[in-house]
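Inside the fold
The lines below spell out each chain.
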Amino acid sequence: MIEVKNLTKKYGNHMAVDHLNFCIEEGQIYGFLGPNGAGKSTTMNMITGYIASTEGTVVINGHDILEEPEEAKKCIGYLPEIPPLYFDMTVLEYLKFTAELKKVEKKKRSAMIQDIMETVRITDMKNRLIKNLSKGYKQRVGLAQALMGYPEILILDEPTVGLDPKQIIEIRDLIRSLSEKHTVILSSHILSEVSAVCDYVMILSHGRLVASDTPENLAKLMEGENALELTIKGKENRIKALLKEIAEIEEIQVSSSEEAGAVDIRLKTSGNADVREQVFFKMAQADCPILKMQSVHVSLEDIFLELTSEEKEEQNAQEDVAQSQTEELTEPDNENQEEEQED
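My aim in this report is to walk through the structure given alongside it, one point at a time. (Residues numbered from 1 in each chain as written. Predicted model: local features only at pLDDT ≥ 70, side-chain atom pairs only at ≥ 80, totals over all residues. Heavy atoms only, no water.)

1. Side note on helix α6 (residues 165-178)
For an α-helix, 3.6 residues make a turn, and residues three or four places apart therefore share a direction. Here α6 is 14 residues long and its end C-alpha atoms lie 20 Å apart, about the 20 Å a rise of 1.5 Å per residue gives. Turning to α6, its buried residues number three or more, namely Gln167, Ile168, Ile171, Arg172, Leu174, Ile175 and Leu178. Buried positions in α6, seen along its axis, are confined to an arc of 160 degrees and lie on one side of it. Exposed residues on α6 whose side chains face more than 90 degrees from its buried face are Pro165 and Lys166. (Helix = DSSP H or I, 4+ residues; strand = E, 2+ residues; numbered from the N terminus. Expected span 1.5 Å × (residues − 1). Buried < 20%, exposed > 50% of the residue type's maximum accessible area, 1.4 Å probe, protein only. Arc of directions from axis to C-beta.)

2. A short note on the layout of surface pockets
Put simply, the largest pocket is a space of about 870 Å³. Lining the largest pocket we find 23 residues, and of these Lys73, Ile76, Leu101, Lys102 and Gln145 sit closest to its centre. Considering each element in turn, the lining of the largest pocket owes the most residues, four residues, to helix α3 (residues 91-101). Among the residues making up the lining of the largest pocket, the classes are represented as 13 nonpolar, five polar and five charged. (1 Å grid on protein atoms, 1.4 Å probe; cavity = no way out; pocket = protein on both sides within 12 Å on 5 of 7 lines; lining within 4 Å. Points joined across faces, edges and corners; volume = space filled by probe spheres on them. Nonpolar A, V, L, I, M, F, W, Y, C, P; charged D, E, K, R; others polar.)

3. Brief notes about the sheet that holds strand β1 (residues 2-11)
One open sheet holds the four strands; their spatial order is β2-β1-β4-β5, and the pairing between them is antiparallel. The two strands at the open ends of the sheet, each matched to only one other strand, are β2 (14-24) and β5 (63-64). Direction of pairing for strand β4 (residues 55-60) relative to β5: antiparallel, over a ladder of two bridges. When the bridges of β5 are listed, valine 59 appears paired with aspartate 64. (Pairing = 2+ DSSP bridges.)

Structure, rendered in structure tokens:
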């Protein structure tokens, strides 16, 4: 549906988007996740044709966004971070204006506008001036203009920014319902939002795509193995010896516990091995009571922090290498200058 190849955007010496490659398939909710300044909005602006790329191509349903912009944009409904609203219009006037801009057939406009207002639940507000609406309703009107013409793809940039908790829940529910008829791409730096709404996550950092998968697969990838946290009463050496008898356990980490006479243990196992029953029976036979046993799951927040911190460290390392190379190149010149001064 959308194919992005080698997408790059430079502002002078600053690389805002760094050679992105990905595909968007039909019928899912995709989330662009990243810190502020990661390149999310810039990427969306290039996909929609709002700004031109420095390099690379964006193909939407077989149409290149730069070579066939009109055909490509017919497939897209776009809601920017700040909705493009005219505050002195009523909701109905604005949607009629939007329908005209998008060249919706005159005989279909009234029915389409009515259907879209019902979809985003703004029918009761149709005769109110947009400037008098709450932030949540303004966001819904912005979403209504994105839906005009029934595009196959909806691109939403920070759709819940500035909303209160109740409005956020309502917009999330609305986005999920829209995914039944549209492919949805949304950007956010709010981890809970992406985790709650998206089927597929793409994590950006410094303009690069550092991870791309379902939240569940990302968690498996980052963890690499199952983990189990326990608090067991007994002597540390005895407990470790018993645990080492279980073949599936690859790593045992022991630390002191707040529980008297007990130790805290973190186990890592190979593959998808579940050792809870084996650990239980081993400890029961040795009269070492298990006070706590808990499976550990990697959260999207853990994944995000680890990937973005790794990317930052890598970028800093590259900058250090470049700086050292520059210093090495300038050192001989300095030596020559000193020799000339001595002469």
